[in-house]
Amino acid sequence: MDHTGKKDKYRKDSDNKKIIELEKEVALGLWIQVIGQIIELKGLTELLNIENDIDSIGERQILTGVWIKTIGQLLEAVSVSSQIGEEDIIKLLQEQKVAITGDFLVSIGSAYEVFGGIRTLKEEEVDQISRIIP
């Protein structure tokens, strides 16, 4: 009797279950990041409103960057969740493209946030100097 075929099938089933478990873990991590992004977005929006610093281009740029990152993170989380257990290769590739687009948006948002931070720092340095010099 040849039992190797049964062992291979069992191993594949076991591996597939483990893969799905790990995919779900990755998706959970992405959703946790989405929640963190939303919390950050809410906090920054409220801070900007309370400070009434609408003239600060840098701070608005930071907020815009966080919005872009949040949208990208959300796209990636939805896409990765949709990929779990997907067997249709066309749908899988489409979802992977959406996940890559989400990653791209997160990167663009981060870059935009960095430039906003640099601009805010420069704005604050100018304000410091103008207060010292009459």
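Residues numbered from 1 in each chain as written. Predicted model: local features only at pLDDT ≥ 70, side-chain atom pairs only at ≥ 80, totals over all residues. Heavy atoms only, no water.

Engineer: Which residues make up the overall build of the protein chain, and what are the values?
Structural biologist: Scanning the protein chain from N- to C-terminus turns up three helices and zero strands. When the helices and strands of the protein chain are listed from N to C terminus, the series reads α-α-α. The burial tally for the protein chain puts 23% of its 134 residues in the buried class. In the protein chain, once contacts between residues fewer than 6 apart in sequence are set aside, the share between residues at least 24 apart is 76%. Of the accessible surface of the protein chain, which amounts to about 9900 Å², a share of 63% is contributed by carbon and sulfur atoms. (Helix = DSSP H or I, 4+ residues; strand = E, 2+ residues; numbered from the N terminus. Buried < 20%, exposed > 50% of the residue type's maximum accessible area, 1.4 Å probe, protein only. Contact = heavy atoms within 4.5 Å. Areas by Shrake-Rupley, 256 points an atom, 1.4 Å probe, with all protein chains shown as cover.)

Engineer: Let's hear about the nonpolar core: which residues, and what values?
Structural biologist: By size, the foremost hydrophobic cluster in this structure holds six residues: Ala27, Leu30, Val34, Ala77, Val80 and Ala99. Looking at this core, the elements with two or more residues in it are helix H1 (4-51) and helix H2 (57-83). Of the residues forming this core, the biggest block, three residues, is contributed by H1. Filtering out sequence-adjacent residues up to four positions away, Val80 remains in contact with Val26, Ala27, Leu30 and Ala99. (Core = buried A, V, L, I, M, F, W, Y, C linked by side-chain atoms within 4.5 Å.)

Engineer: Explain the pattern of salt bridges to me, using residue names and the numbers behind them.
Structural biologist: Once the charged atoms of two side chains with opposite charge are near each other, the side chains can pair. Counted according to the given criterion, the structure contains two salt bridges. Of the charged contacts in the structure, one is a salt bridge between Lys42 and Glu46, with a shortest N-O distance of 2.8 Å. Of this pair, Lys42 and Glu46 both sit in helix H1, four residues apart, which is roughly one turn of that helix. Put simply, Glu113 and Lys69 hold a salt bridge, and the shortest N to O gap is 2.9 Å. With Glu113 in helix H3 (residues 89-132) and Lys69 in helix H2, this pair connects stretches of sequence that are 44 residues apart. Of the two residues, Glu113 and Lys69, both sit in the buried class. (Salt bridge = Lys/Arg side-chain N within 4 Å of Asp/Glu carboxyl O.)

Engineer: Now, about a nonpolar patch on the surface: what can you tell me, with residues and values included?
Structural biologist: A surface patch of nonpolar side chains, amounting to about 330 Å² of accessible area, comprises Trp67, Ile71, Leu75 and Val98. The biggest single contributor to the nonpolar patch is H2, with three residues. Looking at the secondary structure, you find Val98 in helix H3. Classification of Val98 by relative accessible area gives partly exposed; the value is 30%. (Patch = residues over 30% accessible without salt bridge, like charges linked within 9 Å, V, L, I, M, F, W, Y side chains within 5 Å.)

Engineer: I'd like a rundown of the confidence of the model for the protein chain, residues and numbers included.
Structural biologist: Regions with low pLDDT should not have their predicted coordinates read in detail. Averaged over the protein chain, the pLDDT score is 86; the fraction of residues at 70 or greater is 84%. When pLDDT is averaged over each helix and strand of the protein chain, the minimum, 85, is found for H1 and the maximum, 95, for H2. (pLDDT = per-residue confidence, 0-100.)

Engineer: Report on the side chain of Gln83, specifying residues and quantitative values.
Structural biologist: Its location among the elements puts Gln83 in helix H2. The class of Gln83 is buried, set by a relative accessible area of 15%. In this structure Gln83 touches Glu23, Leu92, Glu95, Gln96 and Ala99, once residues within four positions along its chain are discounted.

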